[in-house]
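Working through the structure, step by step
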Amino acid sequence: MEADHWHQRWQEGRIGFHQGKPNIWLLKFYSELELTPGEPLLLPLCGKSVDLVWLAEQGHPVIGVELSDIAIRDFFKEQQLSASEHSQTHFKQWQSGPLTLLEGDFFDLSHQDLGNCRVLFDRAALVALPAEMRQRYAAHTARLLTAGSRILLVTTDYPQHEKSPPPFAVSDEEVRTLYGEHFTIELLHSENLSNGQDPLSKRGVTSLVERIYKLTKRG
């Protein structure tokens, strides 16, 4: 899943991964992040997620990282927000109040871009990447975050051979392999959605499980 793939999907409007309302697991487990008032959050591969707005409404500065300028322009248009723009070394920065969207490649993100942000919400980043890129993504995330940083991670797991990704199937074992060296891993919730209304359950997969984790960076 190289950059061209995602640019093409946004150009063609193939964005079935987009949710038109705040993610249910974010709403349910937001308190697990133990955020202090005004503490910033990072959303990698954020698209035009309304989670950005919901988190800002809770009083947090929010940083989103997104490759597609179409996604970013659509986000501000749909939220009826005007944004200032200026270029940085690796990113074009779009700013509107507490919302900062960085247009560019997440793998170019640095400590300088992140500032004092120590909390990350990942609903659709890890599961958007093939296996070799998931390893790189987890390693880069570990380098960016300091001790005590927290991640709220949502994964989807199903028989990978039954459906073409994305999203990719990510097992509990893989989460622990990817993050176990640097993070304490707590499984907050696991839910079988095989017979539910989730879009994947309607596309022929025989098993579908979503898992929600809290990861805490060790010193």
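Please read all numbers here as calculations on a predicted model, not as lab measurements.

**What to know about the side chain of Asn23**
Position of Asn23 relative to the elements: it lies in the loop between α1 (3–12) and α2 (24–29). Assessed through its relative accessible area of 3%, Asn23 is described here as buried. Not counting chain neighbours up to four residues away, the residues in contact with Asn23 comprise Asp51, Phe121, Arg123 and Val154.

**Quick look at the packing of helix α6 (residues 131–144) against helix α7 (residues 172–179)**
Here α6 crosses α7 at 45°, and the two axes come no closer than 9 Å. In terms of orientation, α6 lies oblique with respect to α7. In this structure, the crossing between α6 and α7 has a hand that is right-handed. Of the residues in α7, those in contact with Arg134, Gln135, Tyr137 and Ala138 of α6 are Glu174, Leu178 and Tyr179.

**Remarks on the pattern of salt bridges**
A complete count under the given rule lists eight salt bridges for this structure. Two residues, Lys48 and Glu78, come together in a salt bridge whose shortest N-O distance is 2.7 Å. Remark: Glu78 occurs in helix α4 (residues 69–78) and Lys48 occurs in the loop between β1 (41–43) and α3 (51–57); sequence separation between them is 30 residues. The salt bridge involving Glu174 is made with Arg134; its shortest N-O contact spans 2.7 Å. Residue Glu174 is located in helix α7, and its partner Arg134 is located in helix α6; the two are separated by 40 residues in the primary sequence. Exposure class is identical for Glu174 and Arg134. Each is buried.

**A closer look at the nonpolar core**
One finds Leu42, Leu109, Tyr137 and Tyr179 to be the most contacted residues of the largest nonpolar core, which totals 31 residues. Looking at which element gives the most residues to this core, the answer is α6, with five residues.

**Side note on α7**
Looking only at α7, the buried set comprises Glu174, Val175, Leu178 and Tyr179. Axial view of α7: buried residues confined to an arc of 110°, hence all on one face. For α7, exposure combined with an orientation more than 90 degrees from the buried face picks out Glu173 and Thr177. On its buried face, α7 is in contact with α6, β7 (150–157), β8 (183–192) and β9 (209–217).

**A closer look at the packing of aromatic side chains**
Counting across every chain of the model gives seven aromatic pairs. Residues Tyr179 and Phe183 carry aromatic rings whose centres are separated by 5.7 Å and whose planes lie at 75° to one another, so their mutual orientation is edge-to-face. Of the two residues, Tyr179 and Phe183, both sit in the buried class. Ring pairing ties together the aromatic residues Phe75, Phe76 and Trp94, which thus form one cluster. One Lys or Arg, Arg136, reaches over the ring of Phe107 and ends 3.9 Å from the middle of that ring.

**Description of the side chain of Asp157**
Here Asp157 is to be found in strand β7. At 3.0 Å, the side chain of Asp157 forms a polar contact with the side chain of Arg211. Beyond its immediate stretch of four places on either side in the chain, Asp157 contacts Ala169, Val170, Ser171, Ser207, Leu208, Val209 and Arg211.

How each quantity is defined
- Residues numbered from 1 in each chain as written.
- Predicted model: local features only at pLDDT ≥ 70, side-chain atom pairs only at ≥ 80, totals over all residues.
- Heavy atoms only, no water.
- Helix = DSSP H or I, 4+ residues; strand = E, 2+ residues; numbered from the N terminus.
- Buried < 20%, exposed > 50% of the residue type's maximum accessible area, 1.4 Å probe, protein only.
- Contact = heavy atoms within 4.5 Å.
- Axes fitted to C-alpha atoms, helices over the stretch in contact; angles between N-to-C directions.
- Parallel < 35°, antiparallel > 145°, perpendicular 65-115°, else oblique.
- Left-handed = near helix turned anticlockwise from the far one by under 90°.
- Salt bridge = Lys/Arg side-chain N within 4 Å of Asp/Glu carboxyl O.
- Core = buried A, V, L, I, M, F, W, Y, C linked by side-chain atoms within 4.5 Å.
- Arc of directions from axis to C-beta.
- Phe/Tyr/Trp six-rings, centres within 6.5 Å; stacked < 30°, edge-to-face > 60°.
- Lys NZ or Arg CZ within 6 Å of the ring centre and 35° of its normal.
- Polar contact = N/O pair within 3.5 Å; in protein donor to acceptor, adjacent residues only side chain to side chain.

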